[in-house]
Amino acid sequence: QVQLVESGGGLVQAGGSLRLSCAASGRTFSRYGLGWFRQAPGKEREFVAAVSGSGGSTDYADSVKGRFTISRDNAKNTVYLQMNSLKPEDTAVYYCAADSAIRIGYQRRVAALYDYWGQGTQVTVSS
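What counts and what doesn't
- Residues numbered from 1 in each chain as written.
- Predicted model: local features only at pLDDT ≥ 70, side-chain atom pairs only at ≥ 80, totals over all residues.
- Heavy atoms only, no water.
- 1 Å grid on protein atoms, 1.4 Å probe; cavity = no way out; pocket = protein on both sides within 12 Å on 5 of 7 lines; lining within 4 Å.
- Points joined across faces, edges and corners; volume = space filled by probe spheres on them.
- Helix = DSSP H or I, 4+ residues; strand = E, 2+ residues; numbered from the N terminus.
- Nonpolar A, V, L, I, M, F, W, Y, C, P; charged D, E, K, R; others polar.
- Salt bridge = Lys/Arg side-chain N within 4 Å of Asp/Glu carboxyl O.
- Buried < 20%, exposed > 50% of the residue type's maximum accessible area, 1.4 Å probe, protein only.
- Pairing = 2+ DSSP bridges.
- Axes fitted to C-alpha atoms, helices over the stretch in contact; angles between N-to-C directions.
- Polar contact = N/O pair within 3.5 Å; in protein donor to acceptor, adjacent residues only side chain to side chain.
- Contact = heavy atoms within 4.5 Å.
- Phe/Tyr/Trp six-rings, centres within 6.5 Å; stacked < 30°, edge-to-face > 60°.
- Lys NZ or Arg CZ within 6 Å of the ring centre and 35° of its normal.

Novice: What's the story with the layout of surface pockets in this structure? I'm lost.
Specialist: The probe, sized like a water molecule, is rolled over the atoms to show the empty space still left. In this model, the largest pocket occupies a volume close to 160 Å³. What lines the largest pocket is a set of 14 residues, among which Gly33, Ser52, Ala101, Ile102 and Arg103 lie closest to the centre. Counting only elements with at least two residues in the lining of the largest pocket, the list comes to strand 4 (33-39) and strand 5 (46-51). Residue classes in the lining of the largest pocket are distributed as 7 nonpolar, 3 polar and 4 charged.

Novice: Looking at this structure, how should I read the pattern of salt bridges?
Specialist: When the charged atoms of two side chains with opposite charge come close together, those side chains can pair. In this structure the tally under the stated criterion is 6 salt bridges. Salt-bridge contacts for Asp59 lead to Arg109; the nearest nitrogen and oxygen are separated by 2.8 Å. Taken together, the residues Asp59 in strand 6 (residues 58-60) and Arg109 in the loop between strand 9 (92-99) and strand 10 (116-117) connect sequence positions 50 residues apart. Classification of Asp59 as buried rests on a relative accessible area of 15%. The salt bridge partner of Lys65 is Asp62, with a shortest N-O separation of 3.4 Å.

Novice: Help me understand the sheet that holds strand 7 (residues 68-73), please; the structure alone is not making it clear to me.
Specialist: In spatial order, the strands read 1-3-8-7; together these 4 strands make up an open sheet with antiparallel pairing. Of all the strands in the sheet, just strand 1 (4-7) and strand 7 have a single pairing partner and so form its edges. Each strand of the sheet is rotated relative to its neighbour by a mean of 15°, with strand direction disregarded. Where strand 7 and strand 8 (residues 78-83) come together, 6 bridges link them in antiparallel fashion.

Novice: Mind showing me how you'd approach unusual backbone geometry here?
Specialist: Leave glycine aside and you will find that most residues have negative phi; peptide bonds, for their part, are mostly trans. With phi around 55°, Asn77 is a residue other than glycine that occupies positive phi space. Residue placement: Asn77 occurs in the loop between strand 7 and strand 8. Despite not being glycine, Ser85 shows a phi value in the positive range, around 50°. With respect to the helices, strands and loops of the structure, Ser85 is situated in the loop between strand 8 and strand 9.

Novice: How do you make sense of the side chain of Arg67 when you look at a structure like this?
Specialist: Mapped onto the secondary structure, Arg67 falls in the loop between strand 6 and strand 7. A polar contact is formed between the side chain of Arg67 and the backbone oxygen of Ser63, at a distance of 2.8 Å. Non-local contacts of Arg67, meaning those with residues more than four positions away in its chain, are made with Gln82, Met83, Asn84, Ser85, Leu86, Lys87 and Asp90.

Novice: Got a minute to help me understand the packing of aromatic side chains in this structure?
Specialist: Aromatic ring pairs are described here by two measures, namely the spacing of the ring centres and the angle between the planes. One pass over the full model with this rule turns up 6 aromatic pairs. Between Phe37 and Phe47 the ring centres are 5.7 Å apart and the planes differ by 75°, which places this aromatic pair in the edge-to-face class. Of the two residues, Phe37 is situated in strand 4 and Phe47 in strand 5; the sequence distance between them amounts to 10 residues. According to the relative accessible area criterion, Phe47 is buried, its value standing at 10%. When the centroid spacing of 6.5 Å and the interplanar angle of 75° are considered together, the rings of Tyr95 and Trp117 count as edge-to-face. Taken together, the positions of Tyr95 in strand 9 and Trp117 in strand 10 put the pair 22 residues apart, joining distant regions of the chain. Taking the relative accessible area as the measure of exposure, Tyr95 reaches 14% and is therefore buried. The ring of Tyr95 carries the charged tip of Arg45 above its face, separated from the ring centre by 3.9 Å. Above the plane of the ring of Phe29 lies Arg72, whose end atom (NZ or CZ) is 4.6 Å from the centre.

Right, here's the structure in full:
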C-alpha cells in the first residue's frame, strides 16, 4: 500500500513558476513508476509527466514539454514537478500517481494503469 500526498500548488501569474511535491509512504518507493496528471473543470484527467523507478527515464505531454520537469528523490520518497513558464491553460488540479508495474512508452500515460493516487493540489494560473 502506498499513500501519496501532494503539496506546492497555489495561485501564480502567467509566466511564473511553481514546484509541486508528492511525498509517498512505504519502503519500496523506488519500485514504483510515478506520474503527474491534471484535471481542469469539465475536462478529462490528462497525463502530464512520468518518471521511472530509478529516475532515469521520463516522459512528458507535448503541452508541457520544455516547460515542466519531473524528478524524484528515492531517499526522500518524493517526486517533484517543476513547472516553469506557466500558462492559464495549465490551471487544474494536479495529481500524483504510483504504478507498481514496469511500463514503457505510451503505457505511462494511461491513468487507469496507476494503482495509487494522491488527493490532488490546485494550481491556478492567472492571465
